Amino acid sequence: MNLHEYQAAELFAAQGIPTNGGAVASTPGEAEVIARGAGGVVVVKAQVHSGGRGKAGGVKLARTPQEARAAAEAILGLEIRGHIVRKVLVAPGADIAQEFYLGVSLDRTRRQNVVIASGEGGVDIEEVARERPERIVRALVDPLLGIHPWQARQIGFALGIAFDKVAGFATITRALYDTYIAEDATLAEINPLVLTGAGDWLALDAKMSIDDNALFRHPDFEALRDLDEEVATEVDARQSGISFVKLDGDIGCIVNGAGLAMATMDAVKLHGGEPANFLDVGGGASADQVAQAFALVTADPHVRAILINIFGGITRGDVVAQGIAEARERVAVTVPIVVRLSGTNAAEGQKLLAASGLIATESMDDAAAEAVRAAHAA
Amino acid sequence: MNLHEYQAAELFAAQGIPTNGGAVASTPGEAEVIARGAGGVVVVKAQVHSGGRGKAGGVKLARTPQEARAAAEAILGLEIRGHIVRKVLVAPGADIAQEFYLGVSLDRTRRQNVVIASGEGGVDIEEVARERPERIVRALVDPLLGIHPWQARQIGFALGIAFDKVAGFATITRALYDTYIAEDATLAEINPLVLTGAGDWLALDAKMSIDDNALFRHPDFEALRDLDEEVATEVDARQSGISFVKLDGDIGCIVNGAGLAMATMDAVKLHGGEPANFLDVGGGASADQVAQAFALVTADPHVRAILINIFGGITRGDVVAQGIAEARERVAVTVPIVVRLSGTNAAEGQKLLAASGLIATESMDDAAAEAVRAAHAA
Amino acid sequence: MSILVDRDTRVIVQGITGREGSFHTTQMVEYGTNVVSGVTPGGRGKTVAEAPVFDTVADAVAATEPNVAIIFVPARFAPDAIYEAVDNGLPLVICITEGIPVADMVPVYAHVKQVGARLLGPNCPGTITPGAAKVGIMPGFIHTPGPVGVVSRSGTLTYEVVDALSRAGIGQSSAVGIGGDPVIGTSFVDVLALFEADPATDAIVMIGEIGGDDEEHAARFIEEHVTKPVVGFIAGQTAPPGKRMGHAGAIISGGSGTAAEKMAALEAAGVRVVDRPSAVPGAIQAALLAVGQPVSR
Amino acid sequence: MSILVDRDTRVIVQGITGREGSFHTTQMVEYGTNVVSGVTPGGRGKTVAEAPVFDTVADAVAATEPNVAIIFVPARFAPDAIYEAVDNGLPLVICITEGIPVADMVPVYAHVKQVGARLLGPNCPGTITPGAAKVGIMPGFIHTPGPVGVVSRSGTLTYEVVDALSRAGIGQSSAVGIGGDPVIGTSFVDVLALFEADPATDAIVMIGEIGGDDEEHAARFIEEHVTKPVVGFIAGQTAPPGKRMGHAGAIISGGSGTAAEKMAALEAAGVRVVDRPSAVPGAIQAALLAVGQPVSR
C-alpha cells in the first residue's frame, strides 16, 4: 500500500529526519487557515498516490493565506494520472540552497536493499538514472548487518557534499534506511532532500510504499489507508482474498493463478479484445470465491462478456463447475459467460457447465476468441 | 559490572519475562513491612555480587512477617565469599513443580553467544556441566541473525518440557537473549526458572553482568552500580583509567600493560613473596598516572614494598623515571620502592632513578627478588 | 536423470500436520515421492501418510535422513522454518508458502547462500521429475517423462504449458516453479544452468512474467552458456505499469520489467519466444527436430 | 620470509589524523614500513608522514592499493572501521583499538570470516617482521631479524620477551600480538599455522595468559600439526578467579581458564613451558640446538 506524503513525513520525523511540517487540508478554507497559522510563504501540495504531480499543476507556491486558498481551490479535485486530489498538504516554504535525491528500495537482482542518491534532487529519479546514470550513487546494504555508518558517509562524499554537512546527511540516510526496515517498506524516498540557505538539512518531500505481505506486523497502517484513492472493487477484492486489478477493456476475466490470469489477458488481446480486469481467484475457486469474482467483474458497466479460465490442478474440475453454477444462482449475470476448464476432471466439469447453458471450451485460445466474439456480438 | 538480582529481574520483566516481584529491604523492619504487604510465605534473599549465597545461609523462607524480620536480621551483615550483605530481596514464595536453568553468555571458543539450559535448576550449573554434562543443552546463536524461534523451541523439547509449555519456554528464552543483547550483557541467567504447580513459568532468580566496555551505551547503569559492593580503591582506579585488582599479599605492584602486570605478580610469587595487587597503569605511565597508582597501592596498609615494573616502548624510560620522581613528590610513600625500567632510554631512566635514591634494577626477576627481600626486611 | 529431485530424494515436510501440509503430503506420497518424515512442533508420534512426525527438524534429520525439505507453514513462521531446515543441513529447501514479507526474505536469502544451501521459492509450486518424484503442489497426472525441462515463475500457467506439452506427446525431464515473489532463492539462471548440465534434458521451456529482471539475466546467461534450444513465453504483455498482478513480484515499476523488454532480450539471445502458451509445444517440437532429438524418451 | 607483513606490505592507516594514529604512522614510517595512505572522514588532501589522507577507504584503495589496514579509531567507531576495511577488500585488518564492546565484535568476527578476510586484534599491539615492516605500536628497536616466531595475547609482556630474545642474540621472524579481548579475529592456532608454514621460522614462542581456552586449542593444534619447537609462557599464575586482570579477556571464570590448566595442556602437547619470561631465551636456544638450527640468520 502507498502512504501519502504527510503520512510518510510523520514516520520519517519519528526517526529523527528533519521534515518540513505543515498540515493537511481537505478544503480551500482549511488551507487558508493553515497558511495563516504558518505565516509567510507556504507550498500547497496535492496528496495523491501518483508521481508527476508537479507537472500536473499539483504543487503551488502561495505568498499569502489568500493565495494558499486559491492554490488549494485549483488543486483539490484535480485529476492527476487518474487520481482525484482530495487533500492538500500546506507546508512552510523553504530556502533551498541545494537539492538531492535519497531513496531506499529493493534491488531485486541482488536480493538486497539499496540506497540510491543523487545530486539531482526534485526531479524524476528514473529520468536521471536513464539519462545521466553517472549522477546516481548506489550503495547495496548488507542484508544481515544493515547500513554501515561508513557507507552512509561514503554516499555523502560521493555526492560532493561538504564535509561539515556529511555527518548530517549520513544520519538522515541511516534514519531513512531504519524507517524503511522498521515499517516494512518497499520504497522510502525523500525527493528533494535539501540543504537550506542556513545550511540545515530538510526533507521537503516524503514517499513510502509498504509491503502488503507485511501489514500483519503493522495493524496501525490500516487506518492510514486512503480508500478514496483505491478502486472500490479492488478494496472489496482484497478483503475476499482475490487479486483484482481494474483495466479499461470489456472482457471480464476470472482465472485461477496470477501467471495464468496474465496469460489470459494476453490471449484476449491477441484475439482482438481488451481485458476489463486482472483477476486471480486464488487456489480453491470455490462457489464463494467465484460468486465474489462475478460480483467484482459485473460491477464494471463496461464488461460485455466474462471469460472464466480455470486450470484444475489439485482442485477438481467438476467441483469448480459446481461452484460456478452455484455462484450464478447467487449473482445475476446478464452478459455472456465463456468457460474454459482444463486439468483434473475437466471433462466432467465441462459436461456440468454445458448442461447449465454456459459456453464451455477446452482451450484457452478458443475461450478467448469466443469471449471476444460474444462481447462484440453483445 | 554486576547487577543485583532485583536489578536484573526488573530488566527481565521489562522484556516480558515473568518474574517473582518482591521488594528490597536494607533493614529487618523494612523486610517485615514488605512481607506483611506480600501476605503469605516470602523468601528473603541476600543481594550480593557473589554466588553460593544459598549454602552460606543467605536465602531463607519466612512464613510470617515476624519470620521475615528474623530472616533479614540473620542475613543482613552476613559475609558471603568476602561480600557483606547490605540488602535483601523479600519476594513471594512460589509453588515449584519443576526447576530449570537458563542462561546466555559468550562462547569464547566459537566467538558466538550461546544459550545454556538444563533440567537441573536451582543448583550450581558449573557443577552440573562438570559432573553430568549430558544434562546440559547448549545452542549457539547465529551472530548475525540472533536466536531463531525454532532454536528456542528445540531447547525446550530437548529438556523434555511438555509441548503445551514449550511455547512459553521459548518466549522466555528469546526474551532472555534479547535482554542480554539489548543490555550488552556478558551473562544473563535465570536459575531457577520454574514451572509452578499451576503450570506457569516463573523466573525465581535473575543474574546479569554487563560488559564494562559497553557502558557508554548504557548511562543509566551507573546508577545501578553498588559502590558498597566494590573495593573502594578499585572504584578510584577505574575512574583514573587504571586497571587495579586488590589481592591479599604485601608487595604492591605498579606495571605498564596487563600481561606484564600478571607476569610481575607471578615473579613476586616465584621469589617467595605475595602480590598485594594487580595494577596496570596503561600506556603512558605519566606522572599523574604513577601518582594515582602510588595512592592506590599505598592505601592498602598491608603493603610493605612497592615494585614498579615498566617496559618503555613508545614511552621513553627517562620520561617514565621523571614521572616516578614527580609522583613521589606528590604522594608520600614510606615503604621501599624497587624500580625496574627497561626498553626505550632505559639507561637514562635508571640513572635518574638511582639519583633519586630508588633501588633500580635491570631485570624483572632481580626487581621481584629485591622487592620481596625489602618487604621481608621492613 | 533430472534436476533437483529424483528417485533418491528423501523428503521432509515442514508443517506436515496442517491442512495444506497433510493434503499435499498425501498427494506427493500417492505420486510415489519418498516422504520420509514431517515436522510440526508438538506433533511427535503422529504420522501423516505413514510419514513419522517430529517436533524439530533436528530430530527428523537424525531419525530419517531427509535431503529435501518442503515447507507449508504460514507466512509469518515460514522464514523460521527455512532457517531451521538449512541450519540442520538440508541442502535443498522448497518453500511453497505465499505472502512472506520481503524484509524477511532478504536475510533468509543471504543466509541460505552463505551456508551453501539452495532455496526454491517461496510462493512457488515446487518441482517435479515426472515418474520419479513430485515435491510440490502441482497436479502430478498432467506430467509425462521426457526430454523437456520446464522452468517458470508461475503455478497454473506452468500446468497449462506442461499439459499442452504432454498432450502433444512431449514429456518433461523436470518442471520447476521458481516462484512469483520479488526475492526468490533460485533464479531462472540457476535452473537453466542445471538443465544445461542435465543429460536428460534436450530442450528448455522458460515461462517468465512481468517484473524484475530475472528474465533479462536469463537471456544473457542463455546467450553465453546454454547450448540447448530454449522456448520462452512471458505473461503480462497487456499488464499496466505500477499495478501488482497477483504475484508480489509481478509489477512493472518505473517503466522497467515489461513483457516487451523481456521478450526482446530473450529473442536477442536466440530464444524462440512464443506469444501464447498453446504455441509452446510446436516451438519445442521444431527445436527438438532442429537438434535431431526425439520428442520423448 | 615472514608471516602477515613483509616488505611488500602496503599499509593504510584508519584514523590517521588522530593523536594515536598520526604518532604511530610516523613511528611505522620511521621503521621503514610502507604506509601508502590514511583515512579520516573530512581529511582529504591532508598528509601524515607524507602519506595522503582520504575521506573513505574506498577512495584510498582506489588511489593507493593498500593490502593491510591498521585501525586507530576510538572504540565506539572501530567496528565500523573494520567493516569499512574488509568490505573494501582489505585482506588483513589490524585493530589496535582497546575497549570495543563484545556485542559489537561478535558480528564483526562473523562478517570478517564470511568475507574471507583476516582480522588481528582488537586490543592488540599489531605485528612486526623485524627489518621489514612494523604494522603496530611495538617499539621497533628491540626487535632483531631471526628465526623465532613470537605470538602473544599481551603487549608489553611481548616486548619483554622479544627484548630478552634480542639481548640473547636470538632474532625474530615475526612477532604477532593477537590481543587481550574475549573475541579476537586471529587466534593462537591461526598464527601457529602460519609460523609452521613459514620457512623463515625455526622455533616459536607462545605467550598466553589466563582466560578463555585459546591456549588449550593451541596445545591440541601443536600436538597434531606443529613440527617446530614451541616454548610457552602463561601469565597470571597467581591471578584469582572472577577478577578481570586488565584485559577484558583475562579472567578466570567458573574455575576454567587458569594458568595451571593452560600450562599443563601445553606441556602435554610437548611445549617447553617456562615459569618466567627471562627463561624464554634459554629454552629457545636449547630447542634450536636440539633441532640443529642456528639461533640467528
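Reading the values: the criteria
Residues numbered from 1 in each chain as written. Chains lettered and ligands numbered in written order. Predicted model: local features only at pLDDT ≥ 70, side-chain atom pairs only at ≥ 80, totals over all residues. Heavy atoms only, no water. Helix = DSSP H or I, 4+ residues; strand = E, 2+ residues; numbered from the N terminus. Buried < 20%, exposed > 50% of the residue type's maximum accessible area, 1.4 Å probe, protein only. Areas by Shrake-Rupley, 256 points an atom, 1.4 Å probe, with all protein chains shown as cover. Lys, Arg positive; Asp, Glu negative; His and termini not counted. Charge placed at Lys NZ, Arg CZ, Asp CG, Glu CD. Contact = heavy atoms within 4.5 Å. Buried area = accessible area lost by both parts, 1.4 Å probe. Nonpolar A, V, L, I, M, F, W, Y, C, P; charged D, E, K, R; others polar. Domains from an automatic or database assignment. Polar contact = N/O pair within 3.5 Å; in protein donor to acceptor, adjacent residues only side chain to side chain. Pairing = 2+ DSSP bridges. Axes fitted to C-alpha atoms, helices over the stretch in contact; angles between N-to-C directions. Arc of directions from axis to C-beta. Parallel < 35°, antiparallel > 145°, perpendicular 65-115°, else oblique. Left-handed = near helix turned anticlockwise from the far one by under 90°.

**Observations regarding the overall build of chain A**
Stage number 1. In terms of helices and strands, chain A carries 13 helices and 18 strands.
Stage number 2. Seen through its C-alpha atoms, chain A measures out along the principal axes to roughly 80 × 50 × 40 Å.
Stage number 3. Classification of the 378 residues of chain A by burial places 56% in the buried group.
Stage number 4. When the accessible area of chain A is evaluated, it comes to approximately 14,900 Å², of which 50% is carbon and sulfur surface.
Stage number 5. With 33 positive and 49 negative side-chain charges, chain A shows a separation of 3 Å between the mean positions of the two kinds.

**Notes on the interface of chain D and chain B**
Stage number 1. Counting residues at the interface gives 63 residues for chain D, matched by 46 residues for chain B.
Stage number 2. Across the chain D/chain B interface, buried area totals approximately 4,100 Å², and carbon plus sulfur atoms make up 60% of it.
Stage number 3. Residue assignment for the side of chain D that touches chain B shows that the elements contributing at least two residues are helix 1 (19-31), helix 4 (102-115), helix 5 (156-167), helix 7 (214-225) and strand 13 (230-235) of chain D.
Stage number 4. If you tally residues by element for the side of chain D that touches chain B, the top one is helix 4 of chain D, at 8 residues.
Stage number 5. Residues that form the side of chain D that touches chain B fall into these classes: 30 nonpolar, 18 polar and 15 charged.

**Some points on the domain arrangement of chain C**
Residue and element names in this part refer to chain C.
Stage number 1. As far as domains go, chain C holds domain 1 (11-120) and domain 2 (138-290).
Stage number 2. Measuring from the centre of the C-alpha atoms in domain 1 to the corresponding centre in domain 2 gives 26 Å.
Stage number 3. Taken together, the contact between domain 1 and domain 2 spans 9 residues of the former and 13 residues of the latter.
Stage number 4. Around 890 Å² of area is buried between domain 1 and domain 2 when both sides are counted, 63% of it from carbon and sulfur atoms.
Stage number 5. Between the two partners, domain 1 and domain 2, sit 1 residue pair in polar contact (both at pLDDT 80 or more).
Stage number 6. Looking at the side of domain 1 that touches domain 2, the elements with two or more residues in it are helix 4 (102-115) and strand 7 (118-120).
Stage number 7. If one sorts the elements of the side of domain 1 that touches domain 2 by residue count, helix 4 sits on top with 4 residues.

**A short note on the sheet that holds strand 5 (residues 68-71) of chain D**
All names here are of chain D.
Stage number 1. Spatially, the 7 strands line up as an open sheet ordered 3-4-2-1-5-6-7, and their pairing is mixed. Each end of this open sheet is capped by a strand with a single partner; those strands are strand 3 (47-48) and strand 7 (118-120).
Stage number 2. Across 2 bridges, the pairing between strand 3 and strand 4 (residues 51-54) is antiparallel. In the strand pairing of strand 4, V48 is matched with A51.
Stage number 3. Across the sheet, helix 3 (residues 78-87) touches strand 1 (11-14), strand 5, strand 6 (92-95) and strand 7, and the angle it forms with strand 6 is around 165 degrees.

**Quick notes on helix 6 (residues 188-197) of chain C**
Residues and elements named next belong to chain C.
Stage number 1. Buried within helix 6 are the following residues: F188, V189, V191, L192, F195 and E196. Each buried residue of helix 6 sits inside an arc of 165 degrees when the element is viewed along its axis, so together they form one side.
Stage number 2. Contacts made by the buried residues of helix 6 are with strand 10 (145-152), strand 11 (172-177), strand 12 (203-209) and helix 7 (214-225).

**Things to note about the packing of helix 11 (residues 317-330) of chain A against helix 12 (residues 346-355) of chain A**
Residue and element names in this part refer to chain A.
Stage number 1. Packing of helix 11 against helix 12 leaves a shortest axis separation of 7 Å and a crossing angle of 20 degrees. Taken together, the axes of helix 11 and helix 12 are roughly parallel relative to one another. Crossing of helix 11 over helix 12 shows right-handed handedness. The residues of helix 12 that touch helix 11, namely those facing G317, D318, A321, Q322 and I324, are E348, G349, L352 and L353.
Stage number 2. Residues that form the contact of helix 11 with helix 12 fall into these classes: 4 nonpolar, 3 polar and 2 charged.

**Re unusual backbone geometry**
Stage number 1. At the junction of N191 of chain B and P192 of chain B, the peptide bond is cis and its omega measures out at 10 degrees in the coordinates.
Stage number 2. Note on placement: P192 of chain B falls in strand 10 (residues 185-196).
Stage number 3. Following G121 of chain C, the chain continues to P122 of chain C via a peptide bond in cis, the omega torsion being 10 degrees.
Stage number 4. Note that P122 of chain C resides in the loop between strand 7 and strand 8 (126-129).
Stage number 5. Of note, the phi angle at R111 of chain B is positive, near 55 degrees, even though the residue is not glycine.
Stage number 6. Mapped onto the fold, R111 of chain B is located in the loop between strand 7 (96-107) and strand 8 (112-118).
Stage number 7. Look at R111 of chain B and you get buried, because its relative accessible area is 4%.
Stage number 8. Unusually for a residue other than glycine, A49 of chain D sits at a positive phi of about 50 degrees.

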